[in-house]
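# Inside the fold
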Amino acid sequence: MSPPRAAGAGKAPRWQRALVPLACGVLSFVQWYPIFRERGSTGFGDWQMIQHNWEAAYISVVRFGQWPLWDAFHCGGISIFRNPESQVYSPFFPLSFALGTVWAVKLMLWAHVAIGLWGMYRLARDAYRQHWLASAVAAFAWGCCGCVVWDGAGGHATFLPFAFTPWLIWLVRSDRTLRRKATLIALLFVINLTGFVMEACRLAAVQPAWGPWSPVGWALGQGMLAAGMSEGALRA
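Structural notes, computed from the coordinates. (Residues numbered from 1 in each chain as written. Predicted model: local features only at pLDDT ≥ 70, side-chain atom pairs only at ≥ 80, totals over all residues. Heavy atoms only, no water.)

## A few points about a nonpolar patch on the surface
The test is simple: The patches described consist of residues with a relative accessible area above 30% and no salt bridge, like charges being joined within 9 Å and nonpolar side chains (Val, Leu, Ile, Met, Phe, Trp, Tyr) within 5 Å. In these tables, accessible area is a Shrake-Rupley quantity obtained with a 1.4 Å probe, and a residue counts as shielded only by the protein chains included in the view. By convention in these notes, a salt bridge is any Lys or Arg side-chain nitrogen within 4 Å of a carboxyl oxygen on Asp or Glu. Think of it this way: any DSSP run of H or I at least four residues long counts as a helix, any run of E at least two long counts as a strand, and we number them from the N terminus. Relative accessibility thresholds used throughout: buried, under 20% of the residue-type maximum; exposed, over 50%; partly exposed, between the two (1.4 Å probe, protein chains only).
Together, Trp15, Leu19, Leu22, Val26, Phe29, Val30 and Tyr33 give the surface a local cluster of nonpolar side chains, amounting to about 720 Å² of exposed area. Element by element, the count of residues in the nonpolar patch is highest for helix H1 (residues 14–31), at six residues. Among the structural elements, Trp15 can be located in helix H1. What makes Trp15 exposed here is its relative accessible area of 57%.

## Regarding the packing of helix H3 (residues 47–62) against helix H5 (residues 101–127)
Stated precisely, the cut-off is as follows: Simply put, an axis is a line fit to the C-alpha atoms, just over the touching stretch for a helix, and the angle between two N-to-C directions goes from 0 to 180 degrees. What sets the label is the angle itself: under 35 degrees gives roughly parallel, over 145 gives roughly antiparallel, 65 to 115 gives roughly perpendicular, and the rest give oblique. By convention, the crossing between two helices is left-handed when the near helix turns anticlockwise from the far helix through less than a right angle, and right-handed when the turn is clockwise. Should any heavy atoms of two residues lie within 4.5 Å, those residues are considered in contact. Note that Gly is not counted as nonpolar here; it falls among the polar residues with everything else outside the nonpolar set of Ala, Val, Leu, Ile, Met, Phe, Trp, Tyr, Cys and Pro and the charged set of Asp, Glu, Lys and Arg.
Running from N to C, H3 and H5 cross one another at 125°; their axes reach a closest spacing of 10 Å. Viewed along their axes, H3 and H5 adopt a mutual orientation that is oblique. Crossing hand, H3 versus H5: right-handed. Judged by residue contacts, Trp47, Gln51, Trp54, Glu55 and Tyr58 of H3 engage Thr101, Val102, Ala104, Val105, Met108 and Leu109 from H5. Within the contact of H3 with H5, the residues separate by chemical class into eight nonpolar, two polar and one charged.

## Overview of the packing of aromatic side chains
Cut-off, in case you're wondering: Stacked, edge-to-face and tilted are the three classes for Phe, Tyr and Trp ring pairs, Trp counted by its six-membered ring, which pair at centre distances within 6.5 Å; planes under 30 degrees apart are stacked, over 60 edge-to-face, the rest tilted.
Scanning the entire structure with this criterion turns up nine aromatic pairs. Seen in terms of ring centroids, Tyr58 and Phe97 are 5.7 Å apart; in terms of plane orientation they differ by 35°. Their pairing is tilted. Remark: Phe97 occurs in helix H4 (residues 95–99) and Tyr58 occurs in helix H3; sequence separation between them is 39 residues. The rings of Phe29, Tyr33, Phe36 and Trp103 are connected pair by pair, giving a single aromatic cluster.

## Overview of unusual backbone geometry
Trans peptide bonds make up the majority, and among non-glycine residues the majority have a negative phi. For Cys75, which is not a glycine, the phi torsion comes out positive at approximately 55°. Structurally, the position occupied by Cys75 is in the loop between strand E1 (70–71) and strand E2 (78–79). Unlike most non-glycine residues, Arg129 shows phi in positive territory, near 55°. Along the chain, Arg129 turns up in the loop between H5 and helix H6 (132–143).

## A word on the nonpolar core
Filter applied, for reference: In plain words, nonpolar cores are sets of buried Ala, Val, Leu, Ile, Met, Phe, Trp, Tyr and Cys residues tied together by side-chain atoms within 4.5 Å.
Residues Trp47, Trp54 and Met108 are the most contacted members of the largest nonpolar core, which totals 38 residues. Secondary-structure elements contributing two or more residues to this core are H1, H3, H5, H6 and helix H8 (165–173). In terms of residues, this core owes the most to one element, H5, which gives eleven residues. Aside from chain neighbours lying at most four places away, what touches Trp54 is Ser86, Gln87, Phe92, Phe93, Ser96, Thr101, Ala104, Val105 and Met108.

This is the structure:
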């Protein structure tokens, strides 16, 4: 049973609800303004690797007209398709063809945080029936927390889909309409393609005791093991 709605937590008019994603987008932009101020610069740390992966795939398509399966510019040539950090199949990658990979990566980071902020607001407001101010505080605490900031600043791009977790919880708790079910499946698909494939590969290979605490990656990893994709089988 849903918890009682807090005082002042009545359903807001449609125009007010439309302001929430806009406010989340603005807050995400303010938070990550330095990356937009330096237009042509890339990030430090792991962002160099992520940028390389995006650029190698982009060059493969634009310059050579080939499907991005091979990175000829790293270690004498490695597979793009088998690299779980390539993010070629992320829904954000096509932005590269319109804006270039530098701006596509920047917008990918901005969008993850903005969507995460919005998701936590909706979860607190709709699922837990909190006041709009409490919901806004919850969203700020989620999207601007150290975990999200560190992953965004350090280039841990494959972990950024963790920001979508509030949406998963909200969809699971919401009415089981066909539209909501389709949205849940689509979101899980996007999360897997964007980043949790790497987490799943690591959990399937190492099988640590804490694996279930990373539920999406753990579930995907268990599917890999069930399909015979263990480290020993792959080495054989």
